[in-house]
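# Structural features, examined
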Amino acid sequence: MSEASDRDKYMEQVTVGKRELHNAEITLNEYDTNWPVLFEREADRIRRALGSKAKLIEHVGSTSVPGLCAKPIIDILLVVEDSADEPSYIPDLEAAGYILRIREPDWYQHRLFKGPDTDINLHVFSEGASEIERMLRFRDWLRNHESDRQLYAETKRKLAKRKWKYIQNYADAKTEVVQEIMERAYSDVHCP
């Protein structure tokens, strides 16, 4: 069985509800100064819903990097005490209009929600999950290193021109360049 079909089976297992087919190219927009505004609006909504249960809320992903093209979907990192303890935070998020779409118990207890009125990916992790630091390091590295920001943008533009069955397939296709950039980010002792 191919790696792609294995990944599709995995995504089918961890998706809550029906998985949406894409069957198209990926639409990338040039950086939009409204993206941080949309993030702040969602962060405020999440803070109101969760209060002190929200240990950290950060804008991540390509929309958080000025000058980088992106799918117009705001990626948000939310850290809670224990993302596996769903009753401690999911009812509050659902009451605020967020919808659980992915549950990955074997990958840092990751949960992903879609937003009530803005196209977002709300990624939820437990305090101490190593993926938190990785996401923030990648964002900060791209913000501060133009050559890698350009490399990533070129890779995204090239891949976006292909037809993708699922959007996740496009995300997975960027893995090699992300790993290459992360190797540089982790080898630089001055990176925050």
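So, here's what we can say about the structure. None of the values given here were measured: they were computed from a predicted structure.

Now for a negative patch on the surface. Where like charges cluster on the molecular surface, the negative patch consists of E81, D82, D85 and E127. Counting through the fold element by element, D85 comes out in the loop between β2 (74-80) and α3 (90-95). Taking the relative accessible area as the measure of exposure, D85 reaches 36% and is therefore partly exposed.

Okay, unusual backbone geometry next. Positive phi, normally seen in glycine, also occurs at N23, with a value near 45°. Of note in the backbone geometry, Y108 takes a positive phi value of approximately 55° without being a glycine. Tracing the backbone shows Y108 in the loop between β3 (99-104) and β4 (110-114). Here Y108 falls in the partly exposed class, since its relative accessible area comes to 36%.

The subject of this paragraph is the pairing of strand β5 (residues 120-126). Of all 7 residues in β5, 7 are buried, a share of seventy percent or more. Neither face of β5 is exposed, since I120, L122, V124 and S126 on one face and N121, H123 and F125 on the opposite face are all buried. When β4 meets β5, the two strands line up antiparallel, connected through 3 bridges. The partner of F113 across the bridge, within β5, is L122. Here β4 folds back onto β5 in antiparallel fashion, the turn holding 5 residues.

Pairing between β3 and β4: 5 bridges, direction antiparallel. Bridge assignment links E104 to a residue of β4, and that residue is H110.

This part takes up the pattern of salt bridges. Scanning the model with the defined rule gives 19 salt bridges in all. Between R103 and E86 there is a salt bridge, and its shortest N-O distance comes to 2.6 Å. Residue R103 is located in strand β3, and its partner E86 is located in the loop between β2 and α3; the two are separated by 17 residues in the primary sequence. Note that E131 is salt-bridged to R134, the shortest N-O span being 2.8 Å. Taken together, the positions of E131 and R134, both in helix α4 (residues 130-144) and 3 residues apart, correspond to about one turn of that helix. The class of R134 is partly exposed, set by a relative accessible area of 28%. Look at the salt bridges and you will find they share partners, linking R41, E42, R45 and D117 into a network.

Criteria and cut-off values
- Residues numbered from 1 in each chain as written.
- Predicted model: local features only at pLDDT ≥ 70, side-chain atom pairs only at ≥ 80, totals over all residues.
- Heavy atoms only, no water.
- Patch = residues over 30% accessible without salt bridge, like charges linked within 9 Å, V, L, I, M, F, W, Y side chains within 5 Å.
- Areas by Shrake-Rupley, 256 points an atom, 1.4 Å probe, with all protein chains shown as cover.
- Salt bridge = Lys/Arg side-chain N within 4 Å of Asp/Glu carboxyl O.
- Lys, Arg positive; Asp, Glu negative; His and termini not counted.
- Charge placed at Lys NZ, Arg CZ, Asp CG, Glu CD.
- Helix = DSSP H or I, 4+ residues; strand = E, 2+ residues; numbered from the N terminus.
- Buried < 20%, exposed > 50% of the residue type's maximum accessible area, 1.4 Å probe, protein only.
- Pairing = 2+ DSSP bridges.

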